Amino acid sequence: MIDKVVIVGAGLTGSVLARLFAEKGKLGVTVLDRRNHVGGNVYDYQNEAGICIQKYGPHAFHTNSTKVYDFITEYGRWIPYELRVRVALSGKMTPSPFNLRTIDDFYSQKDARRLKKSLEEAYPGKGTITVTEMMASENTLIKAHAQMLFDKDYRLYTAKQWGIPVSQIDRRILERVPIRLDYQDRYFDDEYQCQPAQGYTQFIENLLNHPGISVEINREALKDINFDEGNNRVSFKGISLKEKILLVYTGAIDELFDYRFGELPYRSLKFQYQTHHRDSFQEVPIVAYPQDPHFTRITEFKKLYPAGVAGVTTIAYEYPLSHVVGGGRDPYYPVLTKDSMQRYQEYREASKRYRNLVLCGRLADFQYYDMDQAIEKALSVFEGLSANHSN
Ligand SMILES: Cc1cc2nc3c(=O)[nH]c(=O)nc-3n(C[C@H](O)[C@H](O)[C@H](O)COP(=O)(O)OP(=O)(O)OC[C@H]3O[C@@H](n4cnc5c(N)ncnc54)[C@H](O)[C@@H]3O)c2cc1C
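Here the structure is a predicted model, which is why all the values come from computation and not from measurement. (Residues numbered from 1 in each chain as written. Predicted model: local features only at pLDDT ≥ 70, side-chain atom pairs only at ≥ 80, totals over all residues.)

> What should I look at first to understand unusual backbone geometry in this one?
Glycine aside, residues mostly have negative phi, and peptide bonds are mostly found in the trans state. The residue after S96, namely P97, is reached through a cis peptide bond having omega -5°. Examined against the element boundaries, P97 turns out to sit in the loop between β8 (92-96) and α3 (100-106). With a phi angle near 50°, D258 is a residue other than glycine that sits in the positive phi range. With respect to the element layout, D258 can be found in the loop between α9 (253-256) and β16 (266-276). Overall, D258 belongs to the exposed group, with 9 C-beta atoms counted inside 10 Å. Positive phi outside glycine occurs at Y259, with the angle close to 60°. Mapped onto the elements of the fold, Y259 is located in the loop between α9 and β16. Looking at Y259, the number of C-beta atoms within 10 Å reads 13, which means it is partly exposed. (Helix = DSSP H or I, 4+ residues; strand = E, 2+ residues; numbered from the N terminus. Buried ≥ 20, exposed ≤ 12 C-beta atoms within 10 Å, placed from the backbone.)

In structure tokens form, the structure reads like this:
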């Protein structure tokens, strides 16, 4: 039986699990985070101009899971919201994901008609297609179009974002943003698309607001975790050994094990903010700039929420950077290559030895999770643990 749950990380994963353990598991939960705020990477705050800034980059919620949607709406009000994104390509603004309007933007009417007809014949009834599939097409028009998009966008954006040549990147990354075969210009296709009415930080606070949960921020947890090799358990300094704790770790798995199999590679980001005294800076919340050698995109924060502030707007240029352990930059995106995934498996195997250690979250699982995937994973981890403990 478990007496207490210690959760390292007050991000989305840690906060969802904390709520589940406290409310459904009826257990005392302590949540610790080394940052000076809760929310992890979904943290937002209001700046001096009154604009809600998402400190770690722009977030828009989307899911096809009714279970996840039911869960989030239990802990706050959400407003329907559809994200729209543009790409600045050779001086033109075209939708992202690329769609049939992109063809109109880049070809003469006659050539556009021929290309669209070829696509219709090659992929009847299909809504989207990946750039890699299109590049493998035997139709010369389709192939040339895919190659143009690959050269002007995918290749440059991917190399800049990930800091390695496109050939070394996991194929799934190139396929994350497919090409649309219609004029739909919503960024996501999911059934549920929304934003928290009072911001992500408030949503996280709603999750953590339970009498069974205590939260400590500015609290580094690593120094208090001990690996008890004899008993195959982990203990936490300050908690009596008599108490049976479950330790849920949502931080980086390589850091937890003191990098014993080597570092896992991450990309980091830097944001450069500007506040402008005008209503609007750009047409949509996010514009990507694949051809700029330095930054990847510009986010206009007020457009990520339905309610804005008149006469002023804050934007951020986003610069991808390498991540070095101890270099003072946060790890953002796991760099998924054959080597890094193998190394991650070594850590995962090592973690299995400890019976009261649970790893969950984007850093612990070394996965890129969208918010709904992070929640789904937390829900299923909780269900798995509950089933084991009731047997
Ligand atoms: C730029 C960017 C844009 C994104 N946009 C979207 C989007 O539009 N839509 C979408 O669905 N998803 C988006 N995501 C994904 C989303 O941010 C994640 O799914 C979510 O934040 C994962 O939450 P987590 O709790 O697993 O991880 P995190 O948010 O990283 O939380 C982990 C927490 O653990 C803490 N921690 C780690 N180690 C320790 C330690 N030793 N001691 C104490 N505390 C520790 C960290 O400080 C951190 O707060 C985006 C991600 C990024 C980076």
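> Is there a simple way to think about the nonpolar core in this case?
Generally speaking, a soluble globular protein has its nonpolar side chains buried in company with each other. I7, L17, A18, V31, L208 and V248 are the most contacted members of the largest nonpolar core, which totals 83 residues. Per-element tally for this core: the top contributor is helix α1 (residues 12-23), with 7 residues. In this view, A18 contacts I7, V29, V31, L207, L208 and I213; residues no more than four positions away in its chain are not counted. (Core = buried A, V, L, I, M, F, W, Y, C linked by C-beta atoms within 7 Å. Contact = placed C-beta atoms within 7 Å.)

> Whenever I open this one, the environment of W162 confuses me. Can you help?
Among the structural elements, W162 can be located in helix α6 (residues 140-162). For the pair W162 and I173, spaced 11 residues apart in sequence, the C-alpha separation works out to 10.0 Å. Contact partners of W162, with chain neighbours within four places excluded, come to I169, R267 and V335.

> Before we go on, may I ask you to explain the packing of helix α4 (residues 109-122) against α6 in this structure?
When two helices pack together, their arrangement is given by the angle between the helix axes and the distance between those axes. In the contact formed by α4 and α6, the axes pass within 9 Å of each other and the chain directions differ by 105°. Accordingly, the angle class assigned to the pair α4 and α6 is roughly perpendicular. Of the residues in α6, those in contact with R114, L115, S118, L119 and A122 of α4 are L141, I142 and H145. When the residues that make up the contact of α4 with α6 are grouped by side-chain class, the tally is 5 nonpolar, 2 polar and 1 charged. (Axes fitted to C-alpha atoms, helices over the stretch in contact; angles between N-to-C directions. Parallel < 35°, antiparallel > 145°, perpendicular 65-115°, else oblique. Nonpolar A, V, L, I, M, F, W, Y, C, P; charged D, E, K, R; others polar.)

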